[in-house]
Amino acid sequence: MELPARLRTERGLTVVTVSHELHLIAAHTDTVHLLETGRVTTRGVTAELVPGA
């Protein structure tokens, strides 16, 4: 996760990460889209949506 974070900061890129590991998502993202059966059900600020963020 270091390389995407560095590229995001240095080059102003948007990084899309797909994971079932919510603790990683909470540690490395600002916003999140939560999916259920392949469809976005919720989106918003990670700290508000992911427990323990």
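In the block above lies the structure referred to throughout.
Residues numbered from 1 in each chain as written. Predicted model: local features only at pLDDT ≥ 70, side-chain atom pairs only at ≥ 80, totals over all residues. Heavy atoms only, no water.

Description of the pattern of salt bridges
Oppositely charged side chains can form a pair if their charged atoms are brought close together. The line we're drawing: The salt bridge definition used is simple: a Lys or Arg side-chain nitrogen within 4 Å of an Asp or Glu carboxyl oxygen. By the criteria applied, helices consist of DSSP H or I runs no shorter than four residues and strands consist of E runs no shorter than two, each listed in order from the N terminus.
Considering all chains together, one arrives at two salt bridges under this definition. The closest approach of N and O atoms between arginine 6 and glutamate 10, which form a salt bridge, is 3.5 Å. Of the two residues, arginine 6 and glutamate 10 both sit in helix 1 (residues 2-11), four residues apart, roughly one turn of that helix. With a closest N to O distance of 2.2 Å, arginine 8 and aspartate 30 form a salt bridge. Pair noted here: arginine 8 is in helix 1 and aspartate 30 is in the loop between helix 2 (22-28) and strand 1 (31-36), with a separation of 22 residues, a long-range link.

A closer look at the environment of histidine 33
Note the threshold: Any residue under 20% of the maximum accessible area for its type is buried, any over 50% is exposed, and the rest in between are partly exposed; the area is computed with a 1.4 Å probe on protein chains only. By definition in these notes, contact holds between two residues if any of their heavy atoms fall within 4.5 Å.
Note that histidine 33 resides in strand 1. Residue classification places histidine 33 among the partly exposed positions, given a relative accessible area of 46%. Taking the C-alpha atoms as reference points, histidine 33 and valine 50, separated by 17 residues in sequence, lie 10 Å from one another. Excluding its chain neighbours within four sequence positions, the residues that come into contact with histidine 33 are Val40, Thr42 and Arg43.

Digging into the pairing of strand 2 (residues 39-45)
Rules: The pairing criterion for strands is at least two bridges between them, as found by DSSP.
Here strand 1 pairs with strand 2 via six bridges, running antiparallel. Within the sheet, the bridge partner assigned to valine 32 lies in strand 2 and is glycine 44. Count of turn residues in the strand 1/strand 2 antiparallel hairpin: two residues, of which threonine 37 carries a positive phi of about 50°.

Points about the side chain of threonine 46
Defined as follows: Think of a polar contact as two N or O atoms within 3.5 Å of one another; within protein, one of them needs to be a possible hydrogen donor and the other a possible acceptor, and neighboring residues in sequence only count if both atoms come from side chains.
Secondary-structure assignment places threonine 46 in helix 3 (residues 46-49). Exposure remark for threonine 46: the relative accessible area of 2% places this residue in the buried category. Of note is the side chain of threonine 46, whose polar atom sits 2.9 Å from the side chain of threonine 29. Once you skip the residues sitting within four places of it in the chain, threonine 46 turns out to touch Ile25, Ala26, Thr29, Asp30, Thr31, Val32 and Ala53.

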